[in-house]
Each structure stands twice: as C-alpha cells, then as structure tokens.
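What follows is each chain in one-letter form.
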Amino acid sequence: IAASSPAFTLSYFMKKYIMIVTVDSGLKPFAMYPFQEEMVKTIKANRFCIAKMPRQCGKSTCVISDICHEALFKPNQNIAILANKQSIAKLHMDRLKTAYEYLPKWLQQGVKEWNKYSIEFENGSKIIAAATSPSAIRGGSFNYILLDEFAHIPNNIAEEFYSSVYPTISSGKTTKLVIISTPNGLNMYYKLWTEAVERRSDFVYVDVHWSDVPGRDENWRDQQIKNTSEDQF
C-alpha cells in the first residue's frame, strides 16, 4: 500500500506496524485506545497542538509513532524531541529506535546516522532528542517539534525556553509544534493551555481524563489513592 493512499492512515500505520514494549507483556503491537486515535487525528490535522493527559496513558508513544511516520514518508524533515530531562529525551529516542527496528524492511529507510540522541535517514530526514534548555535548538529550523512534559520544566527557564524554540518553526507554513504534559500548577504550560481552551491562540487542545484510559475506573482510582495519597493522585 502506498504510504500516501487513503488506506495508509496514521492510525493504520501505528496499529499495523508499530511495536511497543509494555510492562506486562513485553514487546507487542501498539493496540491503540479510542482516545489515542482521536489524539493522533488532531495532531495530524493541526500545526499547533497542546495536550493535557494523565501519566502512563501512552501519550508519548502516540507522538513518537507520528514522528517515525513523518521521518519515513517525508524527505528532508528536521524533527526535535525535547523533554524536561535528558534521560526522558533518551527514553523517547530509544522508543523511536525500537519502533523503527521492528518495521517491515520495505517500510524502513536506509540509515546514515544512528547515535544516542540523533538519527538521520537516507531520505534526508533527521531526528534529534535533547533536554529542554534555552539553547537546546537555538539557531536551527525545524519541521516538527515535540515538547514533552512541558509543565514540568522549571519556571525560571520555561518562558525563555519557549521563546527560543518557537522561532525555529515560525519560518514555515506546514511546520508543527506539539506540546504534551500532565498538569503541574500555574506556569507557562498552564498559560498556553488556557489560551488554547479560550481560543486566544492557534493551538488546538486535546484533553484526556484519567478515566478515558480503559481499566481505570473508580476502583482503580481508590486503589491509587490508598497506595499514595489524594494529593499525589
């Protein structure tokens, strides 16, 4: 099936070809939940997306899979995965590498560079992973930027960091910025989220409640609170 054909949608690609590592079952195909399918549709259809989601719901996996799809099927893409910690950035790059390695050979691109924090394919697409800092990607131009757990960037650098990141995508008309996070108080992420919800910006928001994740019901909620606390929950 041609990658550009209607049958080859992003959701089809992810469910059919993306492999993920789970804590219970190890390596397995990415069986997407309905909210995940809606999330990737929104990301695919809009240049600016901001998502508020609970922990451990596959939010990063969805966007990493989209990044894999973009890099494989669109040549000369510059993509940045930026996380609140260097270790998280490396974890996302490792997930991307795992997804790529288990793709059928006919879907893979030739690899020119395969480093701890960067990949480059023969079609000219490059992906880098880094921690969020004001100088992380300053001076570059990017087609796609993921800001992961943006609400957990220290307040003293969040605004400066965002101010340095946004210009790297502003020169294009199809460039994309995706922000995903769990909430963490009143900060730069809260400001961007509120502006999106109130339609005072071009960001389209994705709001996922913990109960949207299959298996998370009131009994699950009570167990989490019992084992931690209501504040932590």
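(A) Region of interest: the pattern of salt bridges. Applying the stated criterion to the full structure yields 13 salt bridges. Here K59 ties to E149 by a salt bridge, and the two come within 3.7 Å at their closest N and O atoms. Here E149 lies in the loop between β8 (144–148) and α5 (155–165) and K59 lies in helix α3 (residues 59–73), a separation of 90 residues in the sequence. Under the relative-accessibility criterion, K59 is labelled buried at 6%. The class of E149 is buried, set by a relative accessible area of 15%. The partner of E195 in a salt bridge is K191, with the nearest N and O atoms 2.9 Å apart. Within this pair, E195 and its partner K191 are both found in helix α6 (residues 188–197), separated by 4 residues, close to a single helical turn. If you follow the salt bridges from partner to partner, you end up with K44, D66, E70 and K74 in one network.

(B) Structural view of the confidence of the model for the protein. Across the protein, pLDDT averages 86, with 93% of residues at or above 70. In the predicted structure, residues 1–7 sits below a pLDDT of 50 and forms 8 contacts with residues beyond four places in sequence or in another chain.

(C) Broad picture of the pairing of strand β2 (residues 26–29). Pairing analysis gives 4 bridges linking strand β1 (residues 19–22) to β2, with the strands arranged antiparallel. Residue pairing for β2: T22 is matched across the bridge by G26. Taking the residues that link successive antiparallel strands as the turn, the β1-β2 hairpin has 3 residues.

(D) Layout of the pairing of strand β3 (residues 48–52). Within β3, 4 of the 5 residues are buried, which leaves it mostly tucked inside the rest of the structure. Pairing of β3 with strand β9 (residues 176–181) involves 5 bridges; the strand directions are parallel. The residue bridging F48 from the neighbouring strand is L177, located in β9. Across 4 bridges, the pairing between β3 and strand β10 (residues 204–207) is parallel. Each bridged residue has a counterpart across the sheet, and for A51 the counterpart in β10 is V206.

Thresholds applied
Residues numbered from 1 in each chain as written. Predicted model: local features only at pLDDT ≥ 70, side-chain atom pairs only at ≥ 80, totals over all residues. Heavy atoms only, no water. Salt bridge = Lys/Arg side-chain N within 4 Å of Asp/Glu carboxyl O. Helix = DSSP H or I, 4+ residues; strand = E, 2+ residues; numbered from the N terminus. Buried < 20%, exposed > 50% of the residue type's maximum accessible area, 1.4 Å probe, protein only. pLDDT = per-residue confidence, 0-100. Contact = heavy atoms within 4.5 Å. Pairing = 2+ DSSP bridges.

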